[in-house]
Amino acid sequence: MIRIQTIAIDIGRYGVKYYTEHNNKIYKGMFKSIIGEGRALDFSNYSDPIYISNGLEKYFVGTLAELESYQSVRNTSDSKTSLTVQVLLNAVLSKVAMTNNINIMLGVPYSSYTKTVLMDIVKTYQNKKITIKDEILNTNKTITIDKIDIAREADGVLFDVTKGELNENKDEAFITVGMKTTEISYYSKGQYVDRLSRTIHYGNQDILKTVQNKLKDMNITQDLNYIDSSNDYDDMKRDAYKLASEVLTQKIEEIIPNGFVETNVYIAGGTILNIELDDRFIRIEEPQLSVVRGLYNMSKFIF
(Lines give C-alpha, C1' and ligand atoms only; values in the text may rest on other atoms or scores of the structure.)
Protein backbone atom coordinates (compact mmCIF):
# COMPACT_ATOMS: atom_id res chain seq x y z
CA MET A 1 0.00 0.00 0.00
CA ILE A 2 1.36 3.42 -0.99
CA ARG A 3 1.73 5.79 1.93
CA ILE A 4 0.43 9.25 1.09
CA GLN A 5 1.16 12.29 3.22
CA THR A 6 -1.10 15.34 3.04
CA ILE A 7 0.46 18.82 3.24
CA ALA A 8 -1.59 21.98 3.71
CA ILE A 9 -0.03 25.09 2.15
CA ASP A 10 -1.01 28.75 2.05
CA ILE A 11 1.20 30.82 -0.27
CA GLY A 12 0.50 34.48 0.38
CA ARG A 13 2.08 37.71 -0.73
CA TYR A 14 4.15 38.05 2.43
CA GLY A 15 4.64 34.53 3.68
CA VAL A 16 4.31 30.83 2.97
CA LYS A 17 2.61 28.82 5.71
CA TYR A 18 2.49 25.03 5.90
CA TYR A 19 1.19 22.27 8.14
CA THR A 20 1.42 18.49 7.96
CA GLU A 21 1.51 15.43 10.18
CA HIS A 22 3.61 12.30 9.75
CA ASN A 23 4.22 9.39 12.11
CA ASN A 24 2.35 11.21 14.89
CA LYS A 25 4.55 14.29 14.58
CA ILE A 26 3.44 17.77 13.54
CA TYR A 27 5.51 19.76 11.04
CA LYS A 28 4.50 23.39 10.69
CA GLY A 29 6.06 26.74 9.96
CA MET A 30 6.34 29.72 7.68
CA PHE A 31 8.89 31.65 5.63
CA LYS A 32 8.86 34.75 3.46
CA SER A 33 7.38 34.52 -0.05
CA ILE A 34 10.62 35.49 -1.79
CA ILE A 35 12.86 33.61 -4.23
CA GLY A 36 16.13 34.50 -5.93
CA GLU A 37 19.14 32.98 -7.61
CA GLY A 38 21.33 30.87 -5.34
CA ARG A 39 25.05 30.36 -4.93
CA ALA A 40 27.59 28.80 -2.58
CA LEU A 41 27.84 30.51 0.81
CA ASP A 42 28.76 29.73 4.40
CA PHE A 43 25.23 28.91 5.52
CA SER A 44 26.19 28.55 9.18
CA ASN A 45 25.73 32.32 9.47
CA TYR A 46 22.00 32.17 8.64
CA SER A 47 18.92 31.02 10.53
CA ASP A 48 17.04 28.19 8.78
CA PRO A 49 18.38 28.94 5.28
CA ILE A 50 16.57 27.47 2.26
CA TYR A 51 18.62 26.72 -0.87
CA ILE A 52 17.07 24.29 -3.38
CA SER A 53 17.38 23.27 -7.00
CA ASN A 54 15.37 21.30 -9.55
CA GLY A 55 18.42 19.90 -11.32
CA LEU A 56 18.86 23.01 -13.45
CA GLU A 57 18.14 26.27 -11.63
CA LYS A 58 19.26 26.93 -8.08
CA TYR A 59 17.22 29.17 -5.79
CA PHE A 60 17.51 30.87 -2.44
CA VAL A 61 14.11 31.06 -0.75
CA GLY A 62 12.71 33.18 2.06
CA THR A 63 14.94 35.41 4.16
CA LEU A 64 18.05 34.03 2.48
CA ALA A 65 16.79 35.25 -0.91
CA GLU A 66 15.90 38.63 0.58
CA LEU A 67 19.38 39.05 2.04
CA GLU A 68 21.66 37.42 -0.50
CA SER A 69 20.10 37.09 -3.97
CA TYR A 70 21.26 39.74 -6.42
CA GLN A 71 17.81 39.62 -8.02
CA SER A 72 15.03 38.57 -5.65
CA VAL A 73 11.36 38.19 -6.55
CA ARG A 74 8.42 38.52 -4.18
CA ASN A 75 5.12 36.75 -4.70
CA THR A 76 2.88 39.63 -5.73
CA SER A 77 0.22 38.01 -7.93
CA ASP A 78 -2.87 35.90 -7.27
CA SER A 79 -1.60 33.12 -9.54
CA LYS A 80 -0.88 29.80 -7.84
CA THR A 81 1.03 28.42 -10.84
CA SER A 82 3.63 31.12 -11.48
CA LEU A 83 7.34 30.26 -11.37
CA THR A 84 7.65 32.05 -8.03
CA VAL A 85 4.84 30.01 -6.49
CA GLN A 86 6.19 26.74 -7.90
CA VAL A 87 9.59 27.39 -6.31
CA LEU A 88 7.96 28.35 -3.00
CA LEU A 89 5.86 25.18 -3.09
CA ASN A 90 8.96 23.10 -3.84
CA ALA A 91 10.65 24.71 -0.85
CA VAL A 92 7.83 23.48 1.39
CA LEU A 93 8.10 19.97 -0.04
CA SER A 94 11.85 20.01 0.45
CA LYS A 95 11.33 20.84 4.12
CA VAL A 96 8.44 18.57 5.13
CA ALA A 97 7.57 15.94 2.48
CA MET A 98 8.33 12.62 4.15
CA THR A 99 6.80 10.18 1.66
CA ASN A 100 7.26 9.63 -2.06
CA ASN A 101 3.59 10.35 -2.76
CA ILE A 102 1.73 13.35 -1.37
CA ASN A 103 -1.56 15.21 -1.54
CA ILE A 104 -1.70 19.00 -1.29
CA MET A 105 -4.47 21.18 0.12
CA LEU A 106 -3.92 24.73 -1.13
CA GLY A 107 -5.54 27.89 0.22
CA VAL A 108 -6.86 30.54 -2.21
CA PRO A 109 -8.71 33.86 -1.78
CA TYR A 110 -12.50 34.00 -2.13
CA SER A 111 -12.14 35.56 -5.60
CA SER A 112 -9.88 32.71 -6.80
CA TYR A 113 -12.10 29.89 -5.58
CA THR A 114 -13.29 28.98 -9.06
CA LYS A 115 -13.31 25.94 -11.33
CA THR A 116 -10.99 27.76 -13.76
CA VAL A 117 -8.36 28.34 -11.07
CA LEU A 118 -8.70 24.77 -9.81
CA MET A 119 -8.22 23.30 -13.29
CA ASP A 120 -5.10 25.42 -13.85
CA ILE A 121 -3.67 24.21 -10.54
CA VAL A 122 -4.57 20.58 -11.23
CA LYS A 123 -3.01 20.78 -14.71
CA THR A 124 0.21 22.26 -13.30
CA TYR A 125 0.74 20.00 -10.29
CA GLN A 126 -1.42 16.87 -10.16
CA ASN A 127 0.26 13.56 -11.08
CA LYS A 128 3.54 15.42 -11.55
CA LYS A 129 6.81 13.90 -10.33
CA ILE A 130 9.17 16.49 -8.88
CA THR A 131 12.83 16.09 -7.95
CA ILE A 132 14.10 18.64 -5.46
CA LYS A 133 17.63 18.93 -4.17
CA ASP A 134 18.50 20.55 -0.87
CA GLU A 135 21.75 22.25 -1.88
CA ILE A 136 22.79 22.79 1.74
CA LEU A 137 22.31 19.23 2.98
CA ASN A 138 23.16 17.74 -0.45
CA THR A 139 20.07 15.51 -0.37
CA ASN A 140 17.45 14.75 -3.02
CA LYS A 141 13.72 14.06 -2.83
CA THR A 142 11.63 12.67 -5.67
CA ILE A 143 7.97 13.32 -4.97
CA THR A 144 4.76 12.58 -6.87
CA ILE A 145 1.80 14.86 -6.24
CA ASP A 146 -1.09 12.39 -6.38
CA LYS A 147 -3.89 14.91 -5.75
CA ILE A 148 -4.22 18.64 -5.19
CA ASP A 149 -7.29 20.61 -4.23
CA ILE A 150 -8.12 24.18 -3.22
CA ALA A 151 -10.25 25.83 -0.55
CA ARG A 152 -11.11 29.36 0.48
CA GLU A 153 -8.58 30.67 2.99
CA ALA A 154 -11.34 31.82 5.35
CA ASP A 155 -12.80 28.30 5.25
CA GLY A 156 -9.43 27.17 6.53
CA VAL A 157 -10.15 29.23 9.66
CA LEU A 158 -13.58 27.55 9.82
CA PHE A 159 -12.04 24.08 9.87
CA ASP A 160 -9.38 25.16 12.33
CA VAL A 161 -12.07 26.32 14.76
CA THR A 162 -14.80 23.72 14.19
CA LYS A 163 -12.96 20.74 12.68
CA GLY A 164 -15.82 20.76 10.15
CA GLU A 165 -18.68 20.59 12.67
CA LEU A 166 -20.76 23.65 11.83
CA ASN A 167 -22.94 25.39 14.40
CA GLU A 168 -26.56 24.92 13.32
CA ASN A 169 -27.87 27.20 16.07
CA LYS A 170 -25.72 30.29 15.54
CA ASP A 171 -24.42 32.44 12.69
CA GLU A 172 -20.63 32.40 12.36
CA ALA A 173 -18.12 34.47 10.40
CA PHE A 174 -14.55 33.29 9.79
CA ILE A 175 -12.01 35.96 8.89
CA THR A 176 -8.31 36.03 8.04
CA VAL A 177 -6.38 39.28 7.63
CA GLY A 178 -3.51 39.03 5.16
CA MET A 179 -0.93 41.27 3.53
CA LYS A 180 -3.23 42.75 0.89
CA THR A 181 -6.72 41.48 1.64
CA THR A 182 -9.08 40.35 4.37
CA GLU A 183 -11.02 37.17 3.59
CA ILE A 184 -14.47 36.42 5.03
CA SER A 185 -16.59 33.27 4.95
CA TYR A 186 -20.05 33.60 6.50
CA TYR A 187 -22.28 30.74 7.66
CA SER A 188 -25.87 31.13 8.86
CA LYS A 189 -26.75 28.24 11.17
CA GLY A 190 -24.44 25.92 9.26
CA GLN A 191 -25.35 27.13 5.76
CA TYR A 192 -22.72 28.97 3.69
CA VAL A 193 -23.88 32.46 2.66
CA ASP A 194 -22.09 33.72 -0.43
CA ARG A 195 -23.78 37.14 -0.21
CA LEU A 196 -21.94 37.91 3.03
CA SER A 197 -18.67 36.16 2.09
CA ARG A 198 -16.06 38.12 0.21
CA THR A 199 -12.58 39.58 -0.18
CA ILE A 200 -12.08 42.99 1.42
CA HIS A 201 -9.21 44.82 -0.22
CA TYR A 202 -7.62 45.94 3.02
CA GLY A 203 -4.69 44.34 4.81
CA ASN A 204 -1.30 44.81 6.39
CA GLN A 205 0.03 46.45 3.22
CA ASP A 206 -2.42 49.35 3.62
CA ILE A 207 -1.39 49.83 7.25
CA LEU A 208 2.31 49.85 6.41
CA LYS A 209 1.73 52.33 3.58
CA THR A 210 0.63 54.95 6.12
CA VAL A 211 4.03 54.59 7.79
CA GLN A 212 5.76 54.66 4.41
CA ASN A 213 3.98 57.90 3.48
CA LYS A 214 4.93 59.54 6.77
CA LEU A 215 8.55 58.58 6.14
CA LYS A 216 8.35 60.12 2.65
CA ASP A 217 7.23 63.37 4.28
CA MET A 218 10.49 63.16 6.26
CA ASN A 219 12.47 62.53 3.00
CA ILE A 220 13.05 58.90 3.99
CA THR A 221 12.35 56.18 1.42
CA GLN A 222 11.79 52.66 2.70
CA ASP A 223 10.39 49.44 1.25
CA LEU A 224 7.17 48.15 2.85
CA ASN A 225 8.76 44.82 3.70
CA TYR A 226 11.65 46.57 5.44
CA ILE A 227 9.21 48.68 7.44
CA ASP A 228 7.31 45.53 8.38
CA SER A 229 10.34 43.57 9.62
CA SER A 230 12.39 46.44 11.06
CA ASN A 231 12.24 47.72 14.64
CA ASP A 232 13.27 51.21 13.49
CA TYR A 233 9.75 52.57 13.20
CA ASP A 234 7.91 50.80 16.01
CA ASP A 235 6.28 53.97 17.36
CA MET A 236 4.93 54.91 13.93
CA LYS A 237 3.70 51.37 13.32
CA ARG A 238 2.00 51.29 16.71
CA ASP A 239 0.02 54.40 15.81
CA ALA A 240 -0.83 52.98 12.38
CA TYR A 241 -2.08 49.68 13.80
CA LYS A 242 -4.17 51.51 16.41
CA LEU A 243 -6.02 53.38 13.67
CA ALA A 244 -6.18 50.23 11.54
CA SER A 245 -8.09 48.49 14.33
CA GLU A 246 -10.89 51.01 13.86
CA VAL A 247 -10.77 50.84 10.05
CA LEU A 248 -10.87 47.03 9.96
CA THR A 249 -13.67 46.85 12.51
CA GLN A 250 -15.79 49.30 10.50
CA LYS A 251 -15.24 47.39 7.25
CA ILE A 252 -16.34 44.15 8.89
CA GLU A 253 -19.31 45.82 10.59
CA GLU A 254 -20.55 46.94 7.17
CA ILE A 255 -20.88 43.27 6.15
CA ILE A 256 -21.97 41.37 9.25
CA PRO A 257 -25.62 41.98 10.24
CA ASN A 258 -26.74 43.49 13.54
CA GLY A 259 -23.34 44.53 14.86
CA PHE A 260 -22.18 40.98 15.63
CA VAL A 261 -25.00 40.51 18.18
CA GLU A 262 -26.22 37.34 16.48
CA THR A 263 -22.90 36.19 15.03
CA ASN A 264 -19.74 34.57 16.41
CA VAL A 265 -16.87 36.32 14.61
CA TYR A 266 -13.58 34.39 14.52
CA ILE A 267 -10.50 36.22 13.26
CA ALA A 268 -7.01 34.99 12.30
CA GLY A 269 -3.98 36.01 10.23
CA GLY A 270 -0.60 37.32 11.32
CA THR A 271 -1.73 40.94 11.02
CA ILE A 272 -4.00 40.61 14.07
CA LEU A 273 -0.95 40.11 16.28
CA ASN A 274 -0.45 43.87 15.98
CA ILE A 275 -4.10 44.95 16.08
CA GLU A 276 -6.25 45.58 19.14
CA LEU A 277 -9.78 44.30 18.59
CA ASP A 278 -12.76 44.53 20.93
CA ASP A 279 -14.17 41.47 22.66
CA ARG A 280 -16.81 40.90 19.98
CA PHE A 281 -14.02 39.24 17.98
CA ILE A 282 -12.84 35.75 18.89
CA ARG A 283 -9.09 35.71 18.27
CA ILE A 284 -7.52 32.47 17.08
CA GLU A 285 -4.37 31.25 18.84
CA GLU A 286 -1.23 31.12 16.67
CA PRO A 287 -3.23 33.08 14.06
CA GLN A 288 -0.59 32.95 11.31
CA LEU A 289 -1.10 29.19 10.94
CA SER A 290 -4.86 29.01 11.41
CA VAL A 291 -5.59 28.67 7.69
CA VAL A 292 -3.18 25.77 7.13
CA ARG A 293 -4.23 23.95 10.28
CA GLY A 294 -7.80 24.17 9.01
CA LEU A 295 -6.89 23.15 5.47
CA TYR A 296 -5.24 20.05 6.91
CA ASN A 297 -8.40 19.23 8.88
CA MET A 298 -10.47 19.83 5.74
CA SER A 299 -8.29 17.48 3.69
CA LYS A 300 -9.52 14.54 5.80
CA PHE A 301 -12.95 15.03 4.22
CA ILE A 302 -11.56 15.38 0.67
CA PHE A 303 -8.68 12.96 0.12
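Read on for an overview of the structure. (Residues numbered from 1 in each chain as written. Predicted model: local features only at pLDDT ≥ 70, side-chain atom pairs only at ≥ 80, totals over all residues. Heavy atoms only, no water.)

### Topic: the pattern of salt bridges
Taken as a whole and judged by the stated rule, the model has 16 salt bridges. Salt-bridge contacts for Lys 32 lead to Glu 66; the nearest nitrogen and oxygen are separated by 2.8 Å. Of this pair, Lys 32 sits in strand 3 (residues 25-32) while Glu 66 sits in helix 1 (residues 63-68), and the two are 34 residues apart along the sequence. For Lys 32, a relative accessible area of 14% translates into the label buried. Between Arg 39 and Glu 68 there is a salt bridge, with its nearest N and O atoms 3.2 Å apart. With a gap of 29 residues between them, Arg 39 in the loop between strand 4 (34-37) and strand 5 (50-53) and Glu 68 in helix 1 connect regions that are remote in the sequence. Via salt bridges that share partners, Lys 28, Asp 160, Glu 286 and Arg 293 belong to a single interconnected network. (Salt bridge = Lys/Arg side-chain N within 4 Å of Asp/Glu carboxyl O. Helix = DSSP H or I, 4+ residues; strand = E, 2+ residues; numbered from the N terminus. Buried < 20%, exposed > 50% of the residue type's maximum accessible area, 1.4 Å probe, protein only.)

### Structural notes on empty space enclosed by the protein
Throughout the structure, instances matching the rule amount to one cavity of 30 Å³ or more. When its volume is computed, the largest cavity comes out at roughly 30 Å³. Lining of the largest cavity is provided by Val 108, Pro 109, Tyr 110, Arg 152, Glu 153, Ala 154, Glu 183, Ile 184 and Ser 185. The set of elements that each furnish at least two residues to the lining of the largest cavity consists of helix 4 (153-162) and strand 12 (182-188). Its residues assigned to classes, the lining of the largest cavity comprises five nonpolar, one polar and three charged. (1 Å grid on protein atoms, 1.4 Å probe; cavity = no way out; pocket = protein on both sides within 12 Å on 5 of 7 lines; lining within 4 Å. Points joined across faces, edges and corners; volume = space filled by probe spheres on them. Nonpolar A, V, L, I, M, F, W, Y, C, P; charged D, E, K, R; others polar.)

### Observations regarding unusual backbone geometry
Of note in this structure, Asp 48 is not a glycine but carries a positive phi near 50°. Among the secondary structure elements, Asp 48 is positioned in the loop between strand 4 and strand 5. Given a relative accessible area of 53%, Asp 48 falls into the exposed group. Positive phi, close to 60°, is recorded for Lys 163, a residue that is not glycine.

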